[in-house]
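Residues per chain, in single letters:
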There are 2 protein chains.
Amino acid sequence: MRERNDCVHFVFGVPYETVSFRIGVTVLETPRRSELREEAILRATLELLAEVGYDQMTMDAVAARAQSSKATIYRKWPGKAELVVTAVRRRAGNPAKSPPDTGNLREDLLAVLRLMRNNLVGQDAALILGLMIAMHRDQGLAGTVRAQLIDDKREVFGAVIAQAVGRGELSASVDDTMFVEISSAMLFSRLFVTGEPLDDAFIRHLVDAVLLPLLDHQSSAR
Amino acid sequence: MRERNDCVHFVFGVPYETVSFRIGVTVLETPRRSELREEAILRATLELLAEVGYDQMTMDAVAARAQSSKATIYRKWPGKAELVVTAVRRRAGNPAKSPPDTGNLREDLLAVLRLMRNNLVGQDAALILGLMIAMHRDQGLAGTVRAQLIDDKREVFGAVIAQAVGRGELSASVDDTMFVEISSAMLFSRLFVTGEPLDDAFIRHLVDAVLLPLLDHQSSAR
C-alpha cells in the first residue's frame, strides 16, 4: 500500500530519502518520522498498561498520550490486544532472528535458555502480571498474546532440536512443544513464584538435569 | 493459653460445650464464635485483596470489614503477610494431611498432581496474580508465601518419593525439590500463561512423559 511520493515539497522540509504515504492519507511521513510515531504509541501503551491495566486502557488514552490519532493507531493495529502484544514484544527485545547453531545440542539449548531468561528478566514484572490478569479475563487478548509470544519461542526451540536431529545427536524427531513448555514454565515460576535464582547455574541445571535427560528418553523411546 | 471457664453465665446464653478464653481478655468466646470471627477476618482479607490489592490493604480496613478489632487480628497473626497467607491457604483448601499411598509410585504421583491441580483451579485467578504482583514488590510477603505454600507441596511430594524408595521402586533417594518445582511450574503456566487444558490427560502426560522419566534417570544415575 506504500508508494513513492512525487509531491516532496509537501513534507514540511524534513530531510528524507524516500517519502511514503498511503493512498487516501493526506499526511506524508518520512520513515524516521513514522518510526518515532510508532515508538511513541508503543511507549504510551506500556505506560498506560502499567498505570491503569489492560481493562481500563482505551485507544483514546493511548492516542492522547502518544500525541497521535486513533486513526493512525488503527491503521497499524486492528485492536487493543494486537497493540499490547507489539508493545510487550518490543520491550522484550526482538526474538532471535535465527536460532543459535553452535554445532552442539547442549550449547544450543544453553544459548536459547539464556536468551529466554534475559528477555523475561528484562521485563517489567508488574506489567507482565497485569497482562496475565487481563488475559485471564479476556480470551481474545489471551489468544493473541499466546499466538505471538509463545510461537516465537516454539520456533527457536524447534529449530535447535531439528538441527540436533540433522546432526544425528537425537535419533528421531521429538516433541519440541513439550520442551518450550517446561522451559518457559520453570523460568516463569522462578521469577514470579518461588523467587529462586535465574542464574547460569540454574540454566545449566535445567539443561543437564531436565531437558537433556528428557530429550534422550524421548529420542531412545521412538 | 486457653483454659476452662467457670463463669459460663457470662457467655450471652449461646449454646456451648466448652467455653474458652484467654487470660487477660475480657470477652469470652465459644470455640464456634471464635471460628466465625476468624472466618470473617479471612473473608474480609480476601475481599480487600481482590478489591484494592495487597499494597493498599490495611489491617484497619480488614478489621472494619470483618467487624472485628485490630487487636483481635494481631492476637492471631503477626502481620499482613501472615494474614494473607492464611486466607489464601484456607481458600485453596487444606493441603493433604497425609500423602496418598496407593502402593504404586505412578498412582501416587497422579493423585498428588490432581490435588495440586484442583487446589490451583479452585483459586480466584485475579487474587493469585494480584498476590504475585505484591510478592514481587514486597520481599517479606514473598518469603512468607513461599515458605508456607511451597513447603506444603514439597512435603507431600517428598513423602510420595520416600515411599517409592521404601518399596524399592526407586533405587536411591532423588531430588524431590526438582519435581515439586517442575510440577507447580507447569500447572501454573498452563493456567495463567498458555491457557492449555489442565485435564486428567495433561496430568497423565506430566507423570508419564516428564516426572517418571526424570525420576528413572535420577534413580539410575546414582
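Parameters at a glance
- Residues numbered from 1 in each chain as written.
- Chains lettered and ligands numbered in written order.
- Predicted model: local features only at pLDDT ≥ 70, side-chain atom pairs only at ≥ 80, totals over all residues.
- Heavy atoms only, no water.
- Helix = DSSP H or I, 4+ residues; strand = E, 2+ residues; numbered from the N terminus.
- Contact = heavy atoms within 4.5 Å.
- Phe/Tyr/Trp six-rings, centres within 6.5 Å; stacked < 30°, edge-to-face > 60°.
- Buried < 20%, exposed > 50% of the residue type's maximum accessible area, 1.4 Å probe, protein only.
- Lys NZ or Arg CZ within 6 Å of the ring centre and 35° of its normal.
- Salt bridge = Lys/Arg side-chain N within 4 Å of Asp/Glu carboxyl O.
- Least-squares fit on C-alpha atoms with pLDDT ≥ 70 in both.
- Expected span 1.5 Å × (residues − 1).
- UniProt positions renumbered as here; feature names shortened; annotations may be inferred.
- Buried area = accessible area lost by both parts, 1.4 Å probe.
- Polar contact = N/O pair within 3.5 Å; in protein donor to acceptor, adjacent residues only side chain to side chain.
- Nonpolar A, V, L, I, M, F, W, Y, C, P; charged D, E, K, R; others polar.

### Here we look at the side chain of Thr194 of chain A
Then, in step 1: Turning to its location among the elements, Thr194 of chain A is positioned in helix H8 (residues 176–194).
Then, in step 2: Discounting residues that sit within four places of it in the chain, Thr194 of chain A has contacts with Ser189 of chain A together with Arg146 and Ile150 of chain B.

### Topic: the packing of aromatic side chains
For any two aromatic rings, the description comes down to two numbers: the centre-to-centre distance and the angle of the planes.
Residues and elements named next belong to chain A.
Then, in step 1: The final tally for this structure, using the stated rule, is two aromatic pairs over all chains.
Then, in step 2: Considering the side-chain rings of Phe188 and Phe192, the 4.7 Å spacing of their centres and the 50° angle between planes classify their relative orientation as tilted. Highlighted residues: Phe188 and Phe192, both in helix H8, separated by four residues, approximately one helical turn. Of the two residues examined, Phe188 and Phe192, each falls in the buried class.
Then, in step 3: A cation over an aromatic ring shows up here: Lys80 above the ring of Tyr54, its NZ or CZ 4.3 Å from the ring centre.

### Topic: the pattern of salt bridges
Where charged atoms from two side chains of opposite charge approach closely, those side chains can pair.
Residues and elements named next belong to chain A.
Then, in step 1: Applying the stated criterion across every chain yields a total of 30 salt bridges over all chains.
Then, in step 2: In this structure, the salt-bridge partner of Arg106 is Asp208, at a minimum N-O distance of 2.7 Å. Here Arg106 is found in helix H5 (residues 105–121), whereas its partner Asp208 is found in helix H9 (residues 200–221), with 102 residues between them in sequence.
Then, in step 3: Between Arg190 and Glu196 there is a salt bridge, with the nearest N and O atoms lying 3.9 Å from each other.

### Remarks on the relation of the copies chain B and chain A
Then, in step 1: When chain B is fitted to chain A, the residual RMSD is 0.1 Å, and the transformation amounts to a turn of 180° plus an axial shift of 0.0 Å. Given the turn and translation reported, the copies of this chain are related as if by a two-fold rotation axis. Taking the C-alpha atom as reference, chain B places Ala185 of chain B closest to the rotation axis, 2.6 Å from it.
Then, in step 2: A share of 100% of interface residues in chain B that are also interface residues in chain A marks the association as one of identical surfaces.

### A short note on unusual backbone geometry
Then, in step 1: In this model, Gln67 of chain A sits at a positive phi of 50°, which is unusual for a non-glycine residue.
Then, in step 2: Tracing the chain through its elements places Gln67 of chain A in the loop between helix H2 (59–65) and helix H3 (70–76).

### Focus: helix H6 (residues 125–137) of chain A
Then, in step 1: If you check H6 of chain A, its first and last C-alpha atoms are 19 Å apart, about what 13 residues at 1.5 Å a residue would give, namely 18 Å.
Then, in step 2: Listed as buried for H6 of chain A are Ala125, Leu127, Ile128, Leu129, Leu131, Met132, Ile133, Ala134 and Met135 of chain A.
Then, in step 3: Tucked into the core, H6 of chain A has its buried residues touching helix H1 (31–56), helix H4 (80–91), helix H7 (139–167) and H8 of chain A together with helix H6 (125–137) and helix H8 (176–194) of chain B.

### Looking at the environment of Leu198 of chain B
Residues and elements named next belong to chain B.
Then, in step 1: Structurally, Leu198 is set in the loop between H8 and helix H9 (200–221).
Then, in step 2: Under the relative-accessibility criterion, Leu198 is labelled buried at 12%.
Then, in step 3: Each C-alpha atom of the pair Leu198 and Met186 lies 9.6 Å from the other, and the pair is 12 residues apart in sequence.
Then, in step 4: Sequence-distant contacts of Leu198, that is, excluding residues within four places in its chain, are made with Arg117, Val121, Leu187, Arg190 and Leu191.

### Structural notes on the UniProt feature "DNA-binding region" (unreviewed entry) in chain A
Then, in step 1: Sequence positions flagged by UniProt for "DNA-binding region" (unreviewed entry) are, in local numbering, residues 58–77 of chain A.
Then, in step 2: Between the end C-alpha atoms of residues 58–77 of chain A there is a gap of 14 Å, over a span that is 70% helix and 0% strand.

### Examining the interface of chain B and chain A
Then, in step 1: Each partner contributes residues to the interface: chain B has 32 residues there, and chain A has 32 residues.
Then, in step 2: In total, about 2,900 Å² of surface goes out of reach between chain B and chain A, with carbon and sulfur atoms giving 70% of it.
Then, in step 3: Per-residue buried area on chain B facing chain A is highest for His136, Glu181 and Val193 of chain B; these three make up 19% of the total on that side.
Then, in step 4: Counting across the interface, chain B meets chain A through two salt bridges.
Then, in step 5: Salt-bridge contacts for Arg190 of chain B lead to Glu181 of chain A; the nearest nitrogen and oxygen are separated by 2.6 Å.
Then, in step 6: There are six residue pairs in polar contact (both at pLDDT 80 or more) connecting chain B and chain A.
Then, in step 7: Those elements that place two or more of their residues in the side of chain B that touches chain A are H6, helix H7 (139–167), H8 and H9 of chain B.
Then, in step 8: Of all the elements, H8 of chain B adds the most residues to the side of chain B that touches chain A, at 12 residues.
Then, in step 9: For the side of chain B that touches chain A, the class distribution of residues is 20 nonpolar, seven polar and five charged.

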